[in-house]
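# Analysis of the macromolecular model
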Amino acid sequence: MRVLGDSDGHPVLISPGSPVGIDGPMPDPMRLRDEGIFAVVVERPGYGDSTPLPGRTVAHCAYDITYIATEVFGFERYSVLGRSGGGSVALAVGALDPEHVDRVAAVVGTSPSLVDTETWTAGMGAENRAVHAAELEEKLAVIRRMAAATRLDGRWLLNHNTPSFTATDHMWVGENRDRLVRGYERALRNYPDAWTDDAVQLAMNWGVDLGGYRVPVDLVHGTDDRFSPTSHSRMNAALIPTSKLYLFPGTSHMMGMDMDTVLVGHFDAERKAYFARSTGNVHLDRDNARTLARIHDRTGPPILPDWFYWRHGRWDGDLVAGTRPPPNSAR
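The structure reproduced in this document is the subject of the present report. (Residues numbered from 1 in each chain as written. Predicted model: local features only at pLDDT ≥ 70, side-chain atom pairs only at ≥ 80, totals over all residues. Heavy atoms only, no water.)

## Digging into the pairing of strand β4 (residues 78-83)
In the case of a regular strand, side chains alternate between the two sheet surfaces. For β4, the buried fraction is high: six of the six residues fall into the buried class. Relative to β4, strand β2 (residues 10-15) runs parallel, the two being bridged by four bridges. By the bridge assignment, Ile-14 is partnered in β4 with Leu-81. Sheet topology note: the β4/strand β5 (residues 101-107) ladder contains six bridges and is parallel. Opposite Gly-82, over in β5, you have Ala-106 as the bridge partner. Handedness of the crossover joining β4 and β5 through helix α3 (residues 87-96) is recorded here as right-handed. (Buried < 20%, exposed > 50% of the residue type's maximum accessible area, 1.4 Å probe, protein only. Helix = DSSP H or I, 4+ residues; strand = E, 2+ residues; numbered from the N terminus. Pairing = 2+ DSSP bridges. Right-handed = clockwise from strand over helix to strand, strands pointing away.)

## Some details on the sheet that holds strand β6 (residues 217-222)
The mixed open sheet is built from seven strands, whose spatial order is β1-β3-β2-β4-β5-β6-β7. The open sheet has two edge strands, β1 (2-5) and β7 (243-248), and neither has a second partner. Going across the sheet, the axis of each strand differs from the next one's by a mean of 20°, ignoring polarity. Where α3 meets the sheet, it contacts β2, β4, β5 and β6, and its direction lies at approximately 160° from that of β5. The strands touched by helix α12 (residues 268-276) are β2, β3 (37-41), β4 and β5; relative to β2, the strand with the most contacts, the crossing angle is about 140°. (Axes fitted to C-alpha atoms, helices over the stretch in contact; angles between N-to-C directions. Contact = heavy atoms within 4.5 Å.)

## Quick look at the packing of helix α2 (residues 58-72) against α3
Contact geometry for α2 and α3: axes closest at 8 Å, N-to-C directions at 65°. Judged by the angle between their axes, α2 and α3 are roughly perpendicular. The crossing of α2 and α3 is right-handed. Within the contact between the two elements, α2 uses Val-58, Ala-59, Cys-61, Ala-62, Tyr-63, Ile-65 and Thr-66 and α3 uses Ser-88, Val-89, Ala-92, Val-93 and Leu-96. (Parallel < 35°, antiparallel > 145°, perpendicular 65-115°, else oblique. Left-handed = near helix turned anticlockwise from the far one by under 90°.)

## Comments concerning the nonpolar core
If you look at the biggest cluster of nonpolar residues, it comprises 34 residues, and the most contacted ones within it are Leu-13, Tyr-78, Leu-91, Val-93, Val-104 and Tyr-213. When residues of this core are traced back to their parent elements, those giving at least two are β3, α2, β4, α3, β5, β6 and β7. The element that contributes the greatest number of residues to this core is α2, accounting for seven residues. Sequence-distant contacts of Val-104, defined by excluding residues within four places in its chain, comprise Val-80, Ala-90, Leu-91, Gly-94, Tyr-213, Val-215, Pro-216, Val-217, Asp-218 and Phe-267. With 25 residues, the next largest nonpolar core counts Tyr-47, Val-131, Phe-165 and Tyr-184 among its residues. (Core = buried A, V, L, I, M, F, W, Y, C linked by side-chain atoms within 4.5 Å.)

Rendered as structure tokens:
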């Protein structure tokens, strides 16, 4: 795991995308510190230096996070953020630990494979759709070849995915290429099958009951996503009774890697409640009051990620200068 931000701040556990561990594009630790957020990024088994767990399920990865949050750190309350391949894990954490989790956000996440493969892959780029539409053994063989090439040179994966990138993907990847390459290579260096383990657990029963959800869930997705189409978040919205769906027109998958604004905006109420609580320690309560005063006027209800303002390859200055419109909601 990796810790970022304010060690006395509101805790948010993060499950990164595939195939990424605790390296690569991460939230800005200085911004998190200023905003009073303590982020704990948790690798799934097999990525980076994490011990592999062949045959793992989504629930297994979720239990890792609940253990780290409640036993290692002893958090009484915490939030969870999952991105892409980690979105399913974040949703599972909220389902398995409602006594401690106060909110979940899944950014460009995937849904359980409860429908036929053609429906589940609809809207994906041709390369991604071809992989996921194959029979399981064939799919795993393809991902193993991809992992073998990526662990030696992370640029290979970026080049492979180029046909599925939109203009906004290209802009974001261009600014973060070196971090992406480093993240891919480090994540797969010891156990390349961590990526195939991700693929298997998404195709299996997740091991959680989404219909019995008790925790607020924000499902964040761009409408131009060619890797995890918006249909996945729409399906999750239909499955999870406590969810709210945020769709951002003109934005795409890779820009969902930029998690800073989601962390600040979508966990704003929980963060403020964290600093407003009484700890019984006069000095800590005083420090918390100062932090709360500092952040109180900077944010409001869940806000749109910065990448929302990139529209088809251009920055929409009018939106930035004017009032930000509310996101489209499925509820």
